[in-house]
Amino acid sequence: MEKFLTLSSLAVPFPQKNVDTDLIIRVERCTGTPREEIGKYAFEMARLRADGSENPEFVLNQPRYRGAQILVCGEFFGTGSSREMAVWALAGMGIRCLIAPSYGQIFYGNCFQNGLLPIVLPASTVDDLMREASTGKSFDINLQNQTVNRKIHFDISPRSKKMLLEGLDEIGLTLALEPKIAAFEAADRARRPWIYPQSQ
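Residues numbered from 1 in each chain as written. Predicted model: local features only at pLDDT ≥ 70, side-chain atom pairs only at ≥ 80, totals over all residues. Heavy atoms only, no water.

Considering the overall build of the chain
If you tally the helices and strands in the chain, you get eight helices and seven strands. Across its three principal axes, the chain shows a C-alpha extent of roughly 70 × 45 × 25 Å. Burial status across the chain gives 42% buried among its 200 residues. Restricting to contacts in the chain with at least 6 residues of sequence separation, those with at least 24 account for 65%. Charged side chains in the chain number 23 positive and 23 negative. The centres of these two groups are separated by 4 Å. (Helix = DSSP H or I, 4+ residues; strand = E, 2+ residues; numbered from the N terminus. Buried < 20%, exposed > 50% of the residue type's maximum accessible area, 1.4 Å probe, protein only. Contact = heavy atoms within 4.5 Å. Lys, Arg positive; Asp, Glu negative; His and termini not counted. Charge placed at Lys NZ, Arg CZ, Asp CG, Glu CD.)

Quick notes on helix α6 (residues 158–166)
Every α-helix winds through 3.6 residues per turn, so residues three or four apart in the chain are directed the same way. Of all the residues in α6, the buried ones are Ser160, Lys161, Met163, Leu164 and Leu165. A positive backbone phi angle near 65° is found at Gly167, which sits one or two residues after α6.

Things to note about the sheet that holds strand β2 (residues 70–73)
Sheet architecture is open: seven strands sit in the order β4-β3-β2-β1-β5-β6-β7, paired in mixed fashion. Each edge of the sheet is formed by a strand with only one pairing partner; in this case those strands are β4 (117–120) and β7 (152–153). Relative to β2, strand β1 (residues 6–14) runs parallel, the two being bridged by four bridges. The residue bridging Val12 from the neighbouring strand is Leu71, located in β2. Helix α4 (residues 105–113) contacts β3 (97–100) and β4 of the sheet and is inclined by roughly 135° relative to β4. (Pairing = 2+ DSSP bridges. Axes fitted to C-alpha atoms, helices over the stretch in contact; angles between N-to-C directions.)

Examining the side chain of Lys161
Along the chain, Lys161 falls in helix α6. In this structure, Lys161 is buried with no salt-bridge partner, the nearest side chain bearing the opposite charge being Asp155 at 9.6 Å. (Salt bridge = Lys/Arg side-chain N within 4 Å of Asp/Glu carboxyl O.)

Quick notes on the pattern of salt bridges
What the rule picks out here adds up to 13 salt bridges. For Arg29, the salt bridge identified is with Glu44, shortest N-O distance 2.7 Å. Taken together, the residues Arg29 in the loop between α1 (21–24) and α2 (44–47) and Glu44 in helix α2 connect sequence positions 15 residues apart. Residue class for Glu44 comes out buried when judged on its relative accessible area of 10%. A salt bridge links Glu132 to Lys137, with the nearest nitrogen and oxygen atoms 3.0 Å apart. Judged by its relative accessible area of 22%, Glu132 falls in the partly exposed class. What emerges from the salt-bridge pattern is a single network uniting Arg26, Glu28, Arg29 and Glu44.

Some points on the nonpolar core
If you look at the biggest cluster of nonpolar residues, it comprises 30 residues, and the most contacted ones within it are Ile24, Phe43, Leu71, Phe77, Leu90, Leu98 and Phe107. Counting only elements with at least two residues in this core, the list comes to β1, α1, β2, α3 (85–92), β3 and α4. Ranked by residues supplied to this core, first place goes to α3 with four residues. Once residues within four sequence positions are removed from consideration, Phe77 is found in contact with Phe14, Val19, Ile24, Phe43, Leu71, Leu90, Leu98, Ser102, Tyr103, Gly104 and Phe107. (Core = buried A, V, L, I, M, F, W, Y, C linked by side-chain atoms within 4.5 Å.)

A short note on the environment of Leu165
The residue Leu165 is located in helix α6 in this model. Residue classification places Leu165 among the buried positions, given a relative accessible area of 16%. Taking C-alpha positions, Leu165 is 9.3 Å from Thr6, a pair spaced 159 residues apart along the chain. The contacts of Leu165, once residues within four sequence positions are left out, are Lys3, Phe4, Leu5, Leu143 and Gln144.

Considerations on the packing of aromatic side chains
Within the structure shown, the criterion is met by eight aromatic pairs. Ring geometry for Tyr103 against Phe107: centres 6.4 Å apart, planes inclined by 20°, an arrangement best described as stacked. The exposure class of Tyr103 is buried, given its relative accessible area of 11%. Considering the side-chain rings of Tyr103 and Tyr108, the 5.7 Å spacing of their centres and the 35° angle between planes classify their relative orientation as tilted. We note Arg29 situated over the ring of Tyr41; from NZ or CZ to the ring centre the distance is 4.0 Å. (Phe/Tyr/Trp six-rings, centres within 6.5 Å; stacked < 30°, edge-to-face > 60°. Lys NZ or Arg CZ within 6 Å of the ring centre and 35° of its normal.)

Now the structure itself:
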């Protein structure tokens, strides 16, 4: 998983509320689509017309926002089903950071497992950032300092912060503790040898 330290990018205003994972990625794309290809289907129902051509009115199709890595979102972004592929799709299209007043709970956790930073800020602050994003302004995200544009502070749990800074998912975090686990097991084996099976 790619580490997340700092990010400077255009931000896309995406004010729609209650964006569910079905809108982010259609359920039909969740089976049989390789992970490395799923990004091209993100927001498919809104991004593409029935004939497969791009919808020019969809914000992510607008030339000035192409290549942007930050979405400034409406409240309850990522609600609905628990499919992790929604996060894969966002990451696959290049999104690395989300800013919103709230998220679907499972979606929020899935972001950290896949290298996306979901920032939670008050609705009034998000509205201000939404207006700034609409002017084509570039945003600066610093995870170590927990700031947006060097002045807006956001909260994040120490565990989630460590995952992103070190590029580790839950399994990676556990494996990083392997020396401590081995030391505990050795000490416990010395204290209570009778509970460990004897090697033949």
